Amino acid sequence: MIYDIAVVGGGPAGLSAAVQGRTRGKSVVVVSTDIRDNALYKAHQVDNYLGFPRTQGAQLLTQFRSHAETMGVQWKAGRVLNILPTGAEFFLGVGSDMVQARSVVLTTGTVQAAKLPGEQELLGRGVSYCATCDGMFYRGKSVIVAGRSAGAPEEAAYLKGIGCNVTYTAPRRPEDLDADIPFLKAARLAILGDSTVRGILADGQEIPCDGVFLLRASMALADLLPGLTLEDGYIAVDRNMSTSIPGVFAAGDCTGLPLQVSKAVGEGQVAGHRASEYVDRHSS
Amino acid sequence: MAIIHLTRDAFDKAVASGVSMVDFWATWCGPCRMLAPVMEELAGQYEGRALVGKVDVDAEQDLAVRFGVMSIPTVIFFKDGQEVDRKVGVMPPSSYTDALDGLL
């Protein structure tokens, strides 16, 4: 199906936009990775959200989510790899799956723009962002999963399951990592290789491998939607939360400071409203 | 002209002369399905000037290995049979037309 609104990210801004879209009778899908990736989930205590003093971040986010669910918001688990505007609609690549929508609201949270040494040069030549898309090319080969998202251990298990020799690296061992996947504690990574990946440098230690799966919570904005105008690393928006691409709106931390829940919810509300109007204008 | 589905046997002859753009894809790959209509349209737009082809990496594993395709979609550009450029992942249509126009 083609949704009226696809929301990228399941935090306060995204859920606020989704609820607003549903209020205006629009079909809405929220595409989100694991809830534990969300900045609000990690906030131990929130004291500045009006009416809810001394609330735990995880609790607030869970309430936001159940509100969206009772409003009939659809949920799609996964990482949006890229967005392709085709004029009349948008295609969103979600892992090895795809979502179609008439408008898009970006609520990715803050996104790391810096790439690892070697990442860009070796993309598609050993560097991958998607285990389910590219895993089959690495059957019987050695791969390193650089886990930078809560769902990464599950993707590492998938790669192991299809026959890859998986090593998992992260600054800290995730609790839900399979016991039989070797873990390498490392914070600073660089990818090595000329025409293809031959290994990684993990905190100065060289580890040979055939592939590196970089599993972050969100793609860099410039890769997610090429042509999107950024300002100081944040998505440039106007008062309507419109971005430089017609039909694409943005809200929350990805549009800039302050990185706070009230601001995210307010911007999400506007973005959901304007996205609904955009759909109305373009579907008659 | 419709997009050409290339097999191992047909590949070398198909790209041997002139400019070609070949999309390595798979049926189960969502981003590949996003790219499919873009490639179809470019096949029509560049008819008579460039070959636009597709390689199903499940059916043609030899070709995927030969060109070192390790991520899909990967679009490889050839001039007179030689690889001259490649783009990994889904790009905006202008990215493909810029590459083709630069080669023509």
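These figures come from a predicted structure and were not determined experimentally.

Engineer: Requested: an account of the nonpolar core, with residues and values cited.
Structural biologist: Here is a general trend for soluble globular proteins: nonpolar side chains tend to be buried in one another's company. All names here are of chain A. Among the nonpolar cores identified, the biggest contains 47 residues, and I83, L92, L106, I191 and I200 are the most heavily contacted of them. The greatest single-element share of this core, amounting to four residues, is contributed by strand 6 (residues 97–106). The residue makeup of this core includes at least three contributed by each of domain 1 (2–111 + 219–282) and domain 2 (127–216). Sequence-distant contacts of I200, defined by excluding residues within four places in its chain, comprise I144, L189, A190, I191, L192, Q205, E206, I207, C209 and V212.

Engineer: Any details on the state of the cysteines? Residues and values, ideally.
Structural biologist: Following the criterion strictly, the structure yields two disulfides over all chains and no others. Two residues share a disulfide in this structure: C130 of chain A and C133 of chain A, whose sulfurs sit 2.3 Å from each other. On the S-S bond that ties C130 of chain A to C133 of chain A, the torsion sits near 70 degrees, and the link is right-handed. The exposure class of C130 of chain A is buried, given its relative accessible area of 5%. Shown here is the disulfide that connects C29 of chain B with C32 of chain B, its sulfur atoms set 2.3 Å apart. Where C29 of chain B bonds to C32 of chain B through sulfur, the torsion about that S-S bond is close to 80 degrees, and the disulfide is right-handed. With relative accessibility at 0%, the residue C29 of chain B sits in the buried group. Judged by its relative accessible area of 1%, C32 of chain B falls in the buried class. With no disulfide partner, C164 of chain A has as its closest neighbouring cysteine sulfur the one in C209 of chain A, 12 Å distant. Judged by its relative accessible area of 5%, C209 of chain A falls in the buried class.

Parameters at a glance
Residues numbered from 1 in each chain as written. Chains lettered and ligands numbered in written order. Predicted model: local features only at pLDDT ≥ 70, side-chain atom pairs only at ≥ 80, totals over all residues. Heavy atoms only, no water. Core = buried A, V, L, I, M, F, W, Y, C linked by side-chain atoms within 4.5 Å. Buried < 20%, exposed > 50% of the residue type's maximum accessible area, 1.4 Å probe, protein only. Helix = DSSP H or I, 4+ residues; strand = E, 2+ residues; numbered from the N terminus. Domains from an automatic or database assignment. Contact = heavy atoms within 4.5 Å. Disulfide = S-S within 2.5 Å.

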